[in-house]
Structure formats: C-alpha cells, structure tokens
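Architecture at a glance
Below, each chain spelled out in residue letters.
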Amino acid sequence: MFPACKYTLQARQCLCSLKALQRDHLPSLFCATRWSSSSSTTPRITSHYTVYPRDKDPRWEGVNMERFADEADVVIVGAGPAGLSAAIHLKQLASEQGKELRVCVVEKASQIGAHTLSGACIEPSALQELFPDWKERGAPLHTPVTEDKFGILTERYRIPVPILPGLPMNNHGNYIVRLGHLVSWLGEQAEELGVELYPGYAAAEVLFHEDGSVKGIATNDVGISKDGSPKDTFERGMELHAKVTIFGEGCHGHLAKQLYKHFNLRQDCEPQTYAIGLKEVWVIDEKKWKPGRVEHTVGWPLDRHSYGGSFLYHLNEGEPLVALGFVVGLDYQNPYMNPFREFQRWKHHPTVLPTLEGGKRISYGARALNEGGFQSLPKLTFPGGLLVGCSPGFMNVPKIKGTHSAMKSGMMAAETVFSKLTNENLQSETKGLCVPEYEENLKNSWVWKELYSVRNIRPSCHGLFGVYGGMVYTGIFYWILRGKEPWTLKHKGLDSAQLKPAKDCTPIEYPKPDGKISFDLLSSVALSGTNHEHDQPPHLTLKNDNIPVNNNLAIYDGPEQRFCPAGVYEYVPKETGDGMRLQINAQNCVHCKTCDIKDPSQNINWVVPEGGGGPAYNGM
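It should be emphasised that the depicted structure is a prediction, and the values quoted were computed from it without experimental measurement.

Procedures and definitions
- Residues numbered from 1 in each chain as written.
- Predicted model: local features only at pLDDT ≥ 70, side-chain atom pairs only at ≥ 80, totals over all residues.
- Heavy atoms only, no water.
- Helix = DSSP H or I, 4+ residues; strand = E, 2+ residues; numbered from the N terminus.
- Rg over C-alpha atoms; globule rule 2.2 N^0.38 Å.
- Buried < 20%, exposed > 50% of the residue type's maximum accessible area, 1.4 Å probe, protein only.
- Areas by Shrake-Rupley, 256 points an atom, 1.4 Å probe, with all protein chains shown as cover.
- Lys, Arg positive; Asp, Glu negative; His and termini not counted.
- Charge placed at Lys NZ, Arg CZ, Asp CG, Glu CD.
- Pairing = 2+ DSSP bridges.
- Phe/Tyr/Trp six-rings, centres within 6.5 Å; stacked < 30°, edge-to-face > 60°.
- Patch = residues over 30% accessible without salt bridge, like charges linked within 9 Å, V, L, I, M, F, W, Y side chains within 5 Å.
- Salt bridge = Lys/Arg side-chain N within 4 Å of Asp/Glu carboxyl O.
- Axes fitted to C-alpha atoms, helices over the stretch in contact; angles between N-to-C directions.
- Left-handed = near helix turned anticlockwise from the far one by under 90°.
- Contact = heavy atoms within 4.5 Å.
- Nonpolar A, V, L, I, M, F, W, Y, C, P; charged D, E, K, R; others polar.
- Expected span 1.5 Å × (residues − 1).
- Arc of directions from axis to C-beta.
- Core = buried A, V, L, I, M, F, W, Y, C linked by side-chain atoms within 4.5 Å.

A closer look at the overall build of the protein
Helix and strand content of the protein: 16 helices and 24 strands. Relative to a compact globule of 620 residues, whose C-alpha radius of gyration would be 25 Å, the protein shows 24 Å and is just as compact. Counting only C-alpha atoms, the protein reaches 70 × 65 × 50 Å along its principal axes. Looking at the protein as a whole, 60% of its 620 residues are labelled buried. In the structure as shown, the protein presents an accessible area of about 25,000 Å², 52% of it carried by carbon and sulfur atoms. Positive and negative side-chain charges of the protein, numbering 64 and 68 respectively, have mean locations separated by a distance of 5 Å.

Points about the sheet that holds strand E3 (residues 121-122)
Backbone-to-backbone hydrogen bonds pair the strands of a sheet. The strands run either parallel or antiparallel. Judged by pairing direction, the sheet is antiparallel, and its 3 strands sit side by side in the order E3-E7-E4 without closing on themselves. Every other strand in the sheet has two partners, leaving E3 and strand E4 (143-144) as the edge strands with one partner each. Relative to strand E7 (residues 175-176), E3 runs antiparallel, the two being bridged by 2 bridges. Following the sheet pairing, Cys 121 is matched in E7 by Ile 176.

As for the packing of aromatic side chains
Each aromatic ring pair is characterised by the separation of its centres together with the angle its planes make. Counted according to the given criterion, the structure contains 14 aromatic pairs. Note on Phe 247 and Phe 382: the rings are 6.1 Å apart at their centroids and 45° apart in plane angle, and the pair reads as tilted. Separated by 135 residues along the polypeptide, Phe 247 in strand E13 (residues 239-247) and Phe 382 in strand E19 (residues 381-382) bring together distant segments of the chain. When its relative accessible area of 0% is taken as the criterion, Phe 247 is described as buried.

Section: a nonpolar patch on the surface
On the surface, a nonpolar cluster with roughly 530 Å² of combined accessible area is contributed by Leu 164, Val 472, Ile 476, Trp 479, Ile 480 and Leu 481. You can see Ile 480 is positioned in the loop between helix H12 (466-478) and helix H13 (521-526). Owing to a relative accessible area of 58%, Ile 480 belongs among the exposed residues under this scheme.

A few points about the packing of helix H2 (residues 81-96) against helix H9 (residues 403-421)
Following both chains from N to C, one finds H2 and H9 inclined at 35°, their axes separated by 7 Å at the closest point. Our pair here, H2 against H9, has a crossing hand that is right-handed. The residues of H9 that touch H2, namely those facing Pro 81, Ala 82, Ser 85, Ala 86, His 89, Leu 90, Leu 93 and Ala 94, are Thr 403, Ala 406, Met 407, Ser 409, Gly 410, Met 411, Ala 414, Glu 415, Val 417 and Phe 418. Of the residues assigned to the contact of H2 with H9, the class counts are 12 nonpolar, 5 polar and 1 charged.

Some words on the environment of Phe 263
Looking at where Phe 263 falls in the secondary structure, it is placed in the loop between helix H6 (254-262) and strand E14 (274-283). Separated by 118 residues in the primary sequence, Phe 263 and Thr 381 place their C-alpha atoms 9.4 Å from one another. Setting aside its immediate chain neighbours within four residues, Phe 263 contacts Phe 208, Gly 212, Val 214, Phe 382 and Pro 383.

Comments concerning H12
Here H12 spans 17 Å end to end across 13 residues, near enough to the 18 Å set by a 1.5 Å rise per residue. Within H12, the full set of buried residues consists of Gly 466, Val 467, Gly 469, Gly 470, Tyr 473, Thr 474 and Tyr 478. Projected onto a plane normal to the axis of H12, the buried residues spread over an arc of 150° and lie on a single side. Its buried side turned inward, H12 meets strand E15 (293-299) and helix H11 (446-453).

Comments concerning helix H5 (residues 179-192)
In this model H5 runs 20 Å from its N-terminal to its C-terminal C-alpha over 14 residues, within 8% of the 20 Å that 1.5 Å per residue would give. Within H5, burial applies to Leu 179, Gly 180, Leu 182, Val 183, Trp 185, Leu 186, Gly 187, Gln 189 and Ala 190. Packing partners of the buried residues in H5 comprise H2, E3, helix H3 (125-130), helix H4 (134-137), strand E8 (196-199) and H9. Immediately downstream of H5, the backbone of Gly 194 shows phi near 100°, a positive value.

Brief notes about the pattern of salt bridges
In the structure shown here, the tally under the stated rule is 27 salt bridges. The salt bridge involving Arg 102 is made with Glu 196; its shortest N-O contact spans 2.7 Å. Remark: Glu 196 occurs in strand E8 and Arg 102 occurs in the loop between H2 and strand E2 (103-107); sequence separation between them is 94 residues. According to the relative accessible area criterion, Glu 196 is partly exposed, its value standing at 21%. Put simply, Glu 280 and Arg 361 hold a salt bridge, and the shortest N to O gap is 3.0 Å. Note that Glu 280 is positioned in strand E14 and Arg 361 in strand E18 (residues 360-370), a separation of 81 residues in sequence.

Let's talk about the nonpolar core
General note: in soluble globular proteins, nonpolar side chains tend to be found buried as a group. Core analysis: the largest hydrophobic core is formed by 67 residues, its most contacted members being Trp 282, Leu 324, Leu 356, Leu 540, Val 568, Tyr 569 and Ile 584. The element that contributes the greatest number of residues to this core is strand E17 (residues 321-329), accounting for 6 residues. Core analysis: the next-biggest nonpolar cluster, separate from the first, contains 57 residues, Ala 82, Phe 131, Leu 377 and Ala 414 among them.

Some points on the sheet that holds E15
With mixed pairing, 7 strands are arranged side by side in an open sheet as E6-E5-E15-E16-E17-E14-E18. Each having just a single partner strand, strand E6 (158-160) and E18 make up the two edges of the open sheet. Neighbour-to-neighbour, the strand axes of the sheet open up by a mean angle of 20°, direction not taken into account. Pairing of E14 with E18, which is carried by 10 bridges, proceeds in the antiparallel orientation.

Section: the environment of Phe 340
Relative to the elements of secondary structure, Phe 340 occurs in helix H7 (residues 339-346). In this structure the C-alpha to C-alpha distance between Phe 340 and Arg 562, which are 222 residues apart in sequence, comes to 8.0 Å. Beyond its immediate chain neighbours, meaning those up to four positions away, Phe 340 contacts Leu 278, Tyr 364, Phe 519, Asp 520, Leu 521 and Ser 524.

Structure below.
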C-alpha cells in the first residue's frame, strides 16, 4: 500500500544482524550484581541515556548514530491479546477484500507470550468473534469452569458467599487458561495470516513527523555498557514507520506514558489506579485436584481498608495443576506492607494449605494491573496512533477480567484503521492518520457498556467499611440496578500519593518462609526465568539519584524494597561506612512496573532494557 522506503532492504538486513547479535550476547545465568561510582557523595546509580543524554557525553563522540528505517502500513507495539487481535483482524479484513496490507508487530519478550501473566479465567466472547472456529483450530482453552466459589477469609475460617447469577464474579461459560499459551497460539495464527512478528525487539522511542503526528517507533539500541558507554558491538535500533501505530504495551506502558504527556490524553479523566498481581503455578496431589474449580477470596491477610484478594484455579491440562495468586491494590497506605509476603502468608490459611501440601511449585511471576476502570480511561486516539487493551485500561475489575475486552478493543481498532487505510477519498490533515472513529465505535460497543456498568464498584471500597462496603454496594447497586445509578464515584488519586510516613504506621511482622508452602523472594524470581544482559545500563532509571535515600528511605523507610516483587531494590551500607545507598539489581526485574507506579517520589522511570530480556514465563 505504501511505496517502499529507501532503507527497506538495509533495514531487513539490520534485523538479521540484530538477531545474530542477540544470540551471541544472551546472558547465561540469573544473578544480581552491585555497581556504584565513588565520583560523588551519592553513588551514581543511573547511567541511561534518557537521563544522561549522549550528545553531552564525550564517550559517544564519533559513534555512528544512523538508524535504518523500514515502512509498513500498520505497526503494532506489543504482542499481547490486544495487539495480536488487532494484527489478526487487519489481515482477515485485507484477505476478505483482496487488499495488500503490511502489518508488523514488535514485542520485547524473546518469545511471544513469554512476558504474559494473568490469572487467568477468561470470557471467550471476543475470541469467538475473532475465530468462530477456535476449537477446531486448537486454541488452548482446555478447562471450562465447572465450579465457582467465593468467600471471606478470617485468620482461621472461611465464610462462604453465594455467587448469584448476574454478579460480576459469576464464571459460568468461562474458561481457565494459561494466558501465555493462548497468546503464543494467537501469534501462530497471526503468522499464518502474514503478520510480521518481531519478538525480542523492544520499542524504545516514539517517532514523530514534523507536523507532530506519530510517525512510528524505534527499537532499542544494543551493545551499551552498564556505565552508559558504547561497546565495540554497539548497534543502533531501527525505525519502523507507519501510517498508523497501535500501542498495546499492556498495563502502564513505557511509550504510552510518553504519549499521555505529549498529547495530553489524560486531561479529562481521573488518574489510573493499579494493583499488583502475584502468581504461582503448582503441581498438586491428584486426589486434591478438581479440574474446572474457580475459587476467589477477600479478607485475611489484608485489613478491610486494603483492597485485594486471592484466586485459586484448577487447570485441566494433562497433569494436576493449579494456578494461584494474590492481588493487592497499590493504593495501600502502610509503607511496611509487602505484597509478596502477604501472598506467601495467605498460602498458610487453613482452607488453602491442604490443597498445596505435598505439591510442588513450578512457576512464579508478578505483574501490575489496571484498576481505574471507566473513570480512568484516557483519550484513546491521537494523530498517527491509538491505544488498545490494558495500556489504556479496559480491565473489568469486579470480574477480574480484561482479556476479552482487550481483544475486542484490538479488533475494533483494526476495523477502523482498515477503513481509513482503504478509503480512496481519504484526506488527512496530518501525515500520521488520526482515527477518532475508533473511540466513537468503542463507546457504542459492549466493552464501554460493561465498564460503565461496574464503574462504581472499585471506588465504593474507599468508604468506612472498605472492601466489605464495596461488596454491599455491589449487591445493591449492581445486582439490582445494573450500574444505572445516576452518579459516578471518584478514586482517591494517584497510588503513589497514598503512603503514610513510616513513623505513623506499624511495621508488619511476617512469618519466615518454610520452603515447602511459602518461599523467599530470590528463589521465587529464579522460577520466573528472568534474565537480562548484566552489562547494560539499568533500565530502572532515577530522575535524581539522591531522592531514594533523602526521601523514600528517610520518610517511608524505603518502601521500594518491599513493594517490588523481584528483589530489584535494596538499601545497603555505603562502602565508606557513612550512611546507606540504594542498590538496583536490574537483572531481577520481572517487568511488572510496580516501582514506576507506587514510588512515592515518582522518581523511578521504567524504560525498556535490551530486547529479549526479562521473564521467560511458560504459560503464566
């Protein structure tokens, strides 16, 4: 559809060379290193070019910074459910109408699905629309829900709560899946349709036309030392240009953050709110295995003012597997809370422990998730691009589901983009096409109606009775009125602004892990397969290296060493013996984005590491 870019052949050669470079320089083991500079009173932590520009660094003088460019009709950032659904549907529409359409998808994980983590109990509605013959195609949905249980936990007991038809938690007709496997399968379907997939290439930068519209993206550079200097193997990333760029990075995307500011997309919505979800997969005693059973709880070990709960799903995939996890709202106030240790403590509850006894944990991971819902949706379109999936936040929080709405948003994006690209009479004011019809169509879809109907459930938990008040609200105003109440409740504000000073809070004493049911953090991270090239600038960047000690440690007792589910942050004594310093173990990062969200100083900026780094989840 577009004339070939003059760099197209070179760009494809560049992709091949980058792939070879990645193979030659993959990190060989999981480790955590210590690095600091003694050039100042505060040891230098950040060396990334986004904080220390290369044009002011003499070590970069004379380095060739030319980037090859390639051009497609549509570039999609993120090979998750939304991005792949958009790519697949674009090619389906092109095939139906006999059009040629080049669609490229870049994904930071080394393999499609390797960074995907979710519960996951999904509604198959969007998949049914995308592939009516998904069963015949072999989609990995093997476990229909057969039993649905919900309860409130006290420290010793479980109070059952009936799940009435029509309540958001009702899972009749849904499937328990390993979402990473479903995403991998979607990738296979996309490739069969002619979508170009580029796993292992992280989109590091948004490119703009001179008129301000989005031109495309640039992938990350490779071959940079930890101190920020170029290695002999340095290679620039490449540029991918498109008429429309679809951003489907997932929750709290690195590029989406830039787009929100550049186009002021959040001016008419409330701040997004988040939770952290921690998950494990276990092989259990077959006698305790109940394939198709779905269990959710709220309550212990959290207090009523800390939003969160648990899930325990029995999979039916040839062996007695269960997926279990714990979700903690990131609007919690006590800086001593440790979501990972709350999860480990929950597993010892008398109603959970028997399922796990005698079993073996085989996987661990964590990911932030959007909880703002309808009130927190930003403007979805801008010149040259649009947002899909969990990037803007289409998760239905009471349902604990977002895959179906993410996929539907991707499909609707594909329909509106395709209509624009094939309009022979199209006249655009900008070089990058603006597709406002996407948002208009979405507002008339079941996605919008579903999110609107549950808009007040999450913020209703901010009252005097906390989570239990929210349950009462749900029973009255959702079950009876279906969300038609003539008001919309507000959230409390940014999650980063909710922590109280440590002096005003009581430290939380957590039991030691027993190594059988509960575990320490680093042995857990090892099960995630997380790996990064150790000799690269830490991708957890600090706007100011002094703030962690002077503010976070001094006022909040260093909450990042507790809210991070991977042991990335720790405060250690300075080598000089005069105080503490923050140490960042970037190799441990599971890309959950919690630090970027919850940091009370908003000093941490998560950026992409070299492509292919991060967790290597197997069906999480």
